[in-house]
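An overview of the molecular structure
Here is what each chain is made of, one letter per residue.
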Amino acid sequence: MVNNAKNVISISSKLCVSREEFGFRASTISGLNKLGFPVAPGYFISSKLIKKIIDGGTTPDFPKEFLDRAPVCLRASPEFREWRGPESILYLGLNREKLETINKITGVKIAKFLYLEHVRNFGVKVLELDPDLFDQTLHLAVTRENVKLVRDLPINMIDDLTNEFEEYYRMHLGFDFPEDQETQIHYALKAIAKKWENPTSKVLRLSLGADPHASMGVILQEMILANHESRFGLLDIQSINNFTGEENINGSFVPIQIGETSSPSVLKDSFSRSMSQEELILGNKVSKLYKPLIAKISVLEEKAFKAFGKKLNFSFLIKDDEFVLIDAKDVELQASALMRLNVEAVRKGLISKETAILKTDPEMLLDTLHSQIHKDVDIEVIGLGLPASPGAVSGFIAFKAEEAIQMNSKGMTAVLVRSETSSEDIRGMHVSAGVLTLRGGMSSHAAVVARGLGKPCVVGVSDLRMDNSLKSLLTKDGRILKTGDLITIDGSNGRVLLGKAQMVQPNFSKHFYQIMEWANELGKISVKANADTPQEALLAKEFNVDGIGLCRTEHMFFESKTLQHMQKTILASNEGDKEEAINALLPIQQAQFEEIFKIMEGLPVTIRLLDLPVHEFLPNSLLELENLANELGMTFTQVSEHSKQMSEINPMLGKRGVRLGILFPKLYQMQIKAILKASRSVYGSEQINFAPEIMLPMVSSVKEVYFVRDMIDQVVASIPRHQGHLVAYKLGVMVETPRAVLKSGELASASSFLSFGTNDLTQMTYGLSRDDSGTFMRDYIDHKIYPEDPFRSLDIDGVGELLKIASDRSRKSNPNIRLGICGEHGGDPNSIDFCKNIGLYFVSCSPYRVPMARLGATRSNSL
């Protein structure tokens, strides 16, 4: 009789056991068993009892009639499949007495071989004997007899080897191989419980996001044996295509040769996938041999779908015309397949639109929106960094923007590799297929620009080192990569790979657009895009955004036709030349703003005035400075001296943001004029109804807002009225500093909107450089100092508290104020949920993150 009735449940009872108490595998098998799936007899053992065994408690007893029938196997059943578990233990209970029963099924030789293998595996897996002890003996025997496999040895030699293995027990353990069935199971339960709790298993669970002290149940089941005449093997089958979501039967049958592997059993883990596979099914074409079998399985599969509400992948052990369920798991649907199923379920009235959105994981959209490395590809990882911009790409190494531009002109795919990027690299980033930086964090210059461009980017790769003298990249093991060498970067998980990898291309299906349409209907928080150029605005429009929440004007200055005018503005020695250069910039900026307004016609567009320190527009190398001097008609010394004068010790906290407008007012005046004239040009008499939103960066005092507001009003007065109306605008502040948060009430009184720049606000709150954090962020997360990268997902307890303070103070001062965020956190579903909870009106993120933001906004409303 079985003791511990609550913790040991007979499979034949057809009771459903819970995942929390007995683990995912036991829970799934028990549910399918109740539906009528054939399952081998046995017992589900709870995690609570396993915990007692770990703590020194006794193991349960099992009925003698169950143990006498056949050998049994022991399988792990953790609470979640992803946590995995210790390797299964087979043929428990097999002893010399039971060999006579096995002989009748398999024949004498195979039965003896199975017993030999059991003695070996029990010693290694359960009693922790050195595997070399057995394997060296087997190798010598096979070599001496000139055979390929142990099962090909003569019967008398198999007997001799078994006796020798049993002697190893007496020599190294001081006792005989345990013939008693109960004793074998007792030792096996102790061993599997011990392996679950060992340090290696805990570290593995921790790496998978699980509690290292998570629970595990186990399953004890009767094994199934077959003779040589039987059609015997493993059938994997499902009724849906993983990639398309189309309903058709897909599967494969792996024949099993008795004794060829660790032997057949009801344990999927024991089968060798290296054996040749017999393709059972292609689409809906089912082999005649298996049609009756598939028909039976299909009836059960339909029952499972109705009961579980999802498609499952089943593993069956096939013996002639009989089949036994081994395992079942969720079908790993790609995003495109999942969206198809959800859309069709809504149309059939099975689920609501809200449920369809809840069932579409925002993170899965990465597979839909970006190229990904094929999961079965053989790859060599040479570096690991932060996944700064999703997608994967293979290309030739370019260490400089000029090299990338040259490669692009020859039709070559370039990956720009830098220690870190700066503004002068933007031209190279535009023509490169991807960006890799050895330093930097999730909101570094490279990360932000690459996300805006929709290009894969990996940052903070400390495993690689740049050797500027050799113009090469050095790997950890000393290999040297030079310009033109082929690498692959995976911006979805931070990997850097050697050579070219096979890719899976993105797929924008009609079901994707349908899900996005529903998310747009149901979302209550507005989703805008960060778009700096007309090209990015077009992409944002394709994703059906509610407007542009951040247009960073400095990026326009890095186009080749504008950069020289900008450099002349900075370096000109007299005011006349400066003004001439600024005037040359006006029509260029106005033309780009007009394009953006036309693309986003009828939707709000927020344009941030120049933010970058002006020295960022100047080159650093001697050759580039010399070329610039020639272009501007200046001496090298003049250009070099002016550049030195413009440099700062800490430029990101120096002459940048709104300070530029105060120190170089003509530059801001030009931008303001370009914005307002472009708006008037596009909207004409309707301009008053579609006023552009002008945003001031890096503000810390309301007096800065007053200063620039007066400047804007002066520009407005200089533009002729249209049908009696002045050109209209809305003024807002980008809240990026802790002081701006504390003074948000004052800022709100002088503004139409406040937009939280959470990239810089996070940086200043933590005192943490977003450009350098990538080199140690993984260590901080591994040590659980930070739960996750605060530049990737909003720090609710710290930065989030600042957002709450600012929201409360600004609304008290100006009840009509509109609040939102325009940092990259605007594309993170967890951050969006927080934004909605504190009453923000909008979020804004890179165009390629808009679909994730749409789902995140709707899901947070639906939960």
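Now for a description of the structure that goes with this document. Note on numbering: residues in each chain are counted from 1, in written sequence order. The predicted origin of the model limits local features to residues at a pLDDT of at least 70 and limits the giving and counting of side-chain atom pairs to 80 or more, whereas totals for whole chains, interfaces and linings rest on all residues. The side-chain quantities take in all heavy atoms of the structure and omit both hydrogens and water.

1. With respect to the overall build of the protein
Secondary structure counts use DSSP, requiring at least four H or I residues in a row for a helix and at least two E residues in a row for a strand, with both numbered from the N terminus. A count of helical and extended segments in the protein gives 33 helices and 32 strands. Taking the principal axes of its C-alpha atoms as reference, the protein extends roughly 105 × 60 × 55 Å. Between buried and exposed lies partly exposed: a residue is buried under 20% and exposed over 50% of the maximum accessible area for its type, with that area taken using a 1.4 Å probe on protein chains only. Burial status across the protein gives 55% buried among its 863 residues. Contacts: residue pairs with any heavy atoms within 4.5 Å of one another. In the protein, the share of contacts with a sequence separation of at least 24, taken over all contacts with a separation of at least 6, comes to 69%. Computed with a 1.4 Å probe, the accessible areas rest on the Shrake-Rupley method; for each residue, only the protein chains presented here act as cover. With an accessible surface of roughly 36,700 Å², the protein has 50% of that area assigned to carbon and sulfur atoms. Here Asp and Glu are counted as negative and Lys and Arg as positive; His is not counted, and neither are the chain ends. Where a charge lies is defined by one atom per residue type: Lys uses NZ, Arg uses CZ, Asp uses CG and Glu uses CD. Each charge class in the protein was averaged separately, 99 positive and 107 negative side chains, and the resulting centres sit 4 Å apart.

2. Brief notes about unusual backbone geometry
Even without being glycine, Asn544 reaches a positive phi, approximately 60°. Following the sequence through the fold, Asn544 ends up in the loop between helix H19 (534–542) and strand E26 (548–552). Its relative accessible area of 40% is what places Asn544 among the partly exposed residues. In this structure, Lys784 takes a positive phi of about 60° despite not being glycine. With respect to the element layout, Lys784 can be found in the loop between helix H30 (777–782) and helix H31 (799–813).

3. Points about the packing of aromatic side chains
By convention, a stacked pair of Phe, Tyr or Trp rings (six-membered ring in the case of Trp) has centres within 6.5 Å and planes under 30 degrees apart, an edge-to-face pair has planes over 60 apart, and any other such pair is tilted. As enumerated under the stated definition, the model contains 20 aromatic pairs in all. Here Tyr841 and Phe842 contribute two aromatic rings whose centre-to-centre distance is 6.5 Å and whose plane-to-plane angle is 80°, an arrangement assigned as edge-to-face. When its relative accessible area of 35% is taken as the criterion, Tyr841 is described as partly exposed. You can call Phe842 buried: its relative accessible area is 5%. These aromatic residues form a ring-pair network of at least three members: Phe37, Phe314, Phe316 and Phe323. For a ring to carry a charge above it, either NZ of a lysine or CZ of an arginine must fall within 6 Å of the ring centroid while also lying within 35 degrees of the normal to the ring plane. If you follow Lys528 out to its NZ or CZ, it ends over the ring of Phe842, 4.4 Å from the centre. A cation sits over an aromatic face here: Arg818 above Tyr841, 4.0 Å from the ring centre.

4. With respect to the side chain of Ser394
Position of Ser394 among the secondary structure elements: in strand E15 (residues 392–398). Side-chain polar atoms of Ser394 contact the side chain of Thr488, separated by 2.6 Å. Within 3.5 Å is the distance limit for a polar contact, defined as a pair of N or O atoms, with the added protein rule that one can donate a hydrogen and the other accept it, and that residues adjacent in sequence qualify only through two side-chain atoms. At 3.2 Å, the side chain of Ser394 forms a polar contact with the backbone nitrogen of Ala501. Once residues lying within four places of it in the same chain are set aside, the contact partners of Ser394 are Thr413, Val415, Ile487, Thr488, Gly499, Lys500, Ala501 and Met503.

5. A short note on the sheet that holds strand E32 (residues 842–845)
At least two DSSP bridges between two strands are needed for those strands to be called paired. The strand order around the closed barrel formed by eight strands is E25-E26-E27-E28-E29-E30-E31-E32, and the pairing between neighbours is parallel. Sheet twist, expressed as the mean angle between neighbouring strand axes with direction ignored, is 25°. Two strands pair when backbone bridges link them, and strand E27 (residues 605–608) and strand E28 (residues 693–696) are joined in this way by three bridges, in the parallel orientation. Across the sheet, residue Thr606 finds its bridge partner in E28, namely Glu693. Working convention: axes come from line fits to C-alpha atoms, limited for helices to the stretch in contact. Angles between N-to-C directions cover 0 to 180 degrees.

6. Here we look at the environment of Pro212
One can find Pro212 in the loop between helix H10 (199–207) and strand E5 (216–222). Note: C-alpha distance between Pro212 and Asn198 (14 residues apart in sequence) is 9.9 Å.

7. Some words on the packing of helix H3 (residues 47–54) against helix H9 (residues 181–197)
Two elements in contact, H3 and H9, have axes whose closest approach is 9 Å; the angle formed by their N-to-C orientations is 90°. One finds that H3 runs roughly perpendicular with respect to H9. Within the contact between the two elements, H3 uses Ile50, Ile53 and Ile54 and H9 uses Leu189, Lys190, Ala193 and Glu197. Classifying every residue of the contact of H3 with H9 gives five nonpolar, no polar and two charged. In what follows, roughly perpendicular refers to angles from 65 to 115 degrees, roughly parallel to angles under 35, roughly antiparallel to angles over 145, and oblique to any angle outside these ranges. In this count, Pro and Cys sit with the nonpolar residues alongside Ala, Val, Leu, Ile, Met, Phe, Trp and Tyr, while Asp, Glu, Lys and Arg are called charged and the others, Gly among them, polar.

8. As for the pattern of salt bridges
Salt bridges are defined by distance alone: a side-chain nitrogen of Lys or Arg within 4 Å of a carboxyl oxygen of Asp or Glu. Under the definition given, this model contains 32 salt bridges. When the shortest N-O distance is used, the salt bridge between Arg170 and Glu167 registers 3.0 Å. In this pair, Arg170 and Glu167 both sit in helix H8 (residues 155–172), three residues apart, roughly one turn of the helix. Among the residues examined, Arg170 registers a relative accessible area of 37% and is labelled partly exposed. When its relative accessible area of 33% is taken as the criterion, Glu167 is described as partly exposed. Salt-bridge contacts for Arg656 lead to Asp611; the nearest nitrogen and oxygen are separated by 2.7 Å. Here the residue Arg656 occupies a position in the loop between helix H23 (636–646) and helix H24 (658–663), and Asp611 occupies one in the loop between E27 and helix H22 (622–632), the gap between them amounting to 45 residues. We classify Arg656 as buried; its relative accessible area is 2%. One continuous salt-bridge network, built from bridges that share partners, spans Glu554, Arg608, Asp611, Arg656 and Asp760.

9. Describing the environment of Val715
One can find Val715 in helix H26 (residues 702–718). As a C-alpha pair, Val715 and Ser18 span 697 residues in sequence and 70 Å in three-dimensional space.

10. A look at the pairing of E5
Buried residues dominate E5, accounting for seven of its seven residues. In terms of strand pairing, strand E2 (residues 42–45) meets E5 through four bridges, oriented antiparallel. Across the sheet, the residue bridging to Ile45 is Val218, located in E5. With seven bridges joining them, strand E3 (residues 72–78) and E5 adopt antiparallel strand pairing. Pairing of Ala76 across the sheet is with Val218, part of E5.

11. Remarks on helix H6 (residues 108–126)
Between its terminal C-alpha atoms H6 stretches 26 Å, which fits the 27 Å expected from 19 residues at 1.5 Å a residue. The buried fraction of H6 amounts to 16 of the 19 residues, a majority that puts the element mostly inside the structure. Taken from the residues just after H6, Glu128 is the one with a positive phi, measuring 60°. Helices are assigned an expected span. That span is 1.5 Å times one less than the residue count.

12. Things to note about the sheet that holds strand E4 (residues 89–92)
With antiparallel pairing, five strands are arranged side by side in an open sheet as E1-E2-E5-E3-E4. Both outer strands of the open sheet, strand E1 (8–10) and E4, are each paired with one neighbouring strand and no more. Going from strand to strand, the sheet's axes swing by 20° on average, the running direction of each strand aside. Its contacts with the sheet put helix H2 (residues 24–34) on E2, E3 and E5, and the angle it makes with E3 is roughly 110°. H3 contacts E1, E2 and E5 of the sheet and is inclined by roughly 100° relative to E5.

13. Overview of the environment of Val682
Positionally, Val682 belongs in helix H25 (residues 665–683). Note on Val682: relative accessible area 17%, which makes it buried. Distance from Val682 to Ser752, taken between C-alpha atoms, is 22 Å for residues 70 residues apart in sequence.

These figures capture arrangement, not role.
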